[in-house]
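# Chains, contacts and geometry: an overview
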Amino acid sequence: MIKARGNIGFHLLLKSRFWVIFLFGALLFGIRWTKGAGYLDLYSILLKPILPGTAQREWIKEGENIERNIRLKLLEEDNNRLRRALALKEFNSNQRISAAVISRSSRNWWQLLEINKGAKDGVVKGQTVIGPGGLIGLVDSTTPLTSRVRLLTDPGHQVGAWIYRTKRHGILTGMGTNRPKLIFLNKNNLVKIGDAVTTSPASTLLPPNLTIGIVQYVNEKALPSPYAIVQLTASPEAIDWVQILRNNG
Amino acid sequence: MAKNNKQLSIFFIIICLPAFIIISPDWLKINGISPCWPVILLLPFSLKNPPWRAASAAIITGIFVDSFTISDASYIPSLFLLSLVWSQYGLHNKKIELFLNIGLMAIFGTAFVGLSIWVQKIIMYSVLRNNWFHSWSMYVVISEVIITGLVAPFFSSWLLLTYKKN
């Protein structure tokens, strides 16, 4: 009798809505516990065919670039304002002259470029010349229509540079090869391979914070002064267009 | 005849030399180094003319070439000496238009010009004195000697024959 009653109870339990309610509750708990992960995964699978394609991704990236450029411009303006306040050289991107390379001698006894803008366009001796990648040289002489650019790699050509990470100054000296020598002014420079070399932010001759290259080799024990070998980020052998920075003339 | 020679040399120095240096076509280069054009142009003129004329041509050529470089080291001293040597050689030797003879003289001439610029640079820039045998200098001298040695037998011997015909 008791056994039969038990069977009946179990049968009723199976037939009743208890399980439905239990499963629904468990599902709700699961959804709450996983914070709707299943739904989101399902949604993403369903959405995959209509997700933004390559073209749309490029639009988004373009938008990001525009935003970054605006931010960069604002920061440069801010930087210029502060530099003016400190009476340091300004880096004004609006005052650039674009010029094409008309003749190149980047490996010979004299390492130079001839460009198609000269005194008539406002180019003056000593102005900085940059290419894609950073600083490539300085204007050595001008004619009314052309200018001669002495490359950083030209033997004996010296410009001031500094290591951004360690804030140490040095003299970047052309040695004829693609890798100029950065001669430090003092010992214990703590320079490492891979450090970025730029123009000094306090320079009065060159525009500040222009990328020059990356340290490839360091010799701290060299005499009379330690030096580093720098790989230039801009390659004069491959550059067809350069920009002359007007504001350091 | 002498007038024709003079006109020819003036044409080559004033028109061709700057054009060769400025255009410097890539197909006429070895490792990015173009031939030593002043040597190629001066060699036949010096061989066919007396020393004083060769020396004046060397100075004019040197001034011209120097105006296309960054003005530190100069071509003039080496070209001046070479023109005197070549002129003396030309006065005492009859069969100078031989193909290989001209090439060999151009090779030695280019090596001398290269060494002269190398020494001048070392004297001028104390930084370069730390290591005298720079890989760069060796590279430029060797490449320039090879390409000049290849071009000179054609160009200089043709120029020398033209001078002789005139």
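Criteria and cut-off values
- Residues numbered from 1 in each chain as written.
- Chains lettered and ligands numbered in written order.
- Predicted model: local features only at pLDDT ≥ 70, side-chain atom pairs only at ≥ 80, totals over all residues.
- Heavy atoms only, no water.
- Core = buried A, V, L, I, M, F, W, Y, C linked by side-chain atoms within 4.5 Å.
- Buried < 20%, exposed > 50% of the residue type's maximum accessible area, 1.4 Å probe, protein only.
- Helix = DSSP H or I, 4+ residues; strand = E, 2+ residues; numbered from the N terminus.
- Contact = heavy atoms within 4.5 Å.
- Pairing = 2+ DSSP bridges.
- Buried area = accessible area lost by both parts, 1.4 Å probe.
- Polar contact = N/O pair within 3.5 Å; in protein donor to acceptor, adjacent residues only side chain to side chain.
- Nonpolar A, V, L, I, M, F, W, Y, C, P; charged D, E, K, R; others polar.

### Observations concerning the nonpolar core
If you look at the biggest cluster of nonpolar residues, it comprises 44 residues, and the most contacted ones within it are A:Trp109, A:Trp110, B:Tyr75, B:Trp86 and B:Val113. If you list the elements that add at least two residues to this core, you get helix 1 (2–23), helix 2 (37–48), helix 3 (51–66), helix 4 (76–92), helix 5 (99–124) and helix 6 (135–165) of chain B. A total of eleven residues in this core trace back to one element, the largest contributor, which is helix 6 of chain B. Excluding anything up to four places from it in sequence, A:Trp110 contacts A:Ser105, A:Asp154, B:Thr69, B:Ile70, B:Asp72, B:Ala73, B:Tyr75, B:Ile117 and B:Lys121. A:Leu182, A:Ala228, A:Leu232 and A:Leu245 belong to the second largest nonpolar core, which has 20 residues in total.

### Details of the pairing of strand 10 (residues 211–219) of chain A
All names here are of chain A. Looking at chain direction, strand 9 (residues 196–198) and strand 10 are connected through three bridges and run antiparallel. If you follow Ala196 over to strand 10, its bridge partner there is Ile214. Pairing geometry for strand 10 and strand 11 (residues 227–232), over six bridges, is antiparallel. Note that in strand 11 the partner of Asn219 across the bridge is Tyr227.

### Thoughts on the interface of chain B and chain A
Taken together, the contact between chain B and chain A spans 30 residues of the former and 22 residues of the latter. For the pair chain B and chain A, the summed buried surface comes to about 2100 Å²; carbon and sulfur atoms form 61% of the total. On the chain B side of the contact with chain A, B:Ile70, B:Val127 and B:Trp136 bury the most area, a combined 34% of that side's loss. Inspection of the region where chain B meets chain A yields six residue pairs in polar contact (both at pLDDT 80 or more). The set of elements that each furnish at least two residues to the side of chain B that touches chain A consists of helix 1, helix 5 and helix 6 of chain B. Counting residues per element, the side of chain B that touches chain A draws most heavily on helix 6 of chain B, which supplies seven residues. Partitioning the side of chain B that touches chain A into residue classes produces 16 nonpolar, ten polar and four charged.

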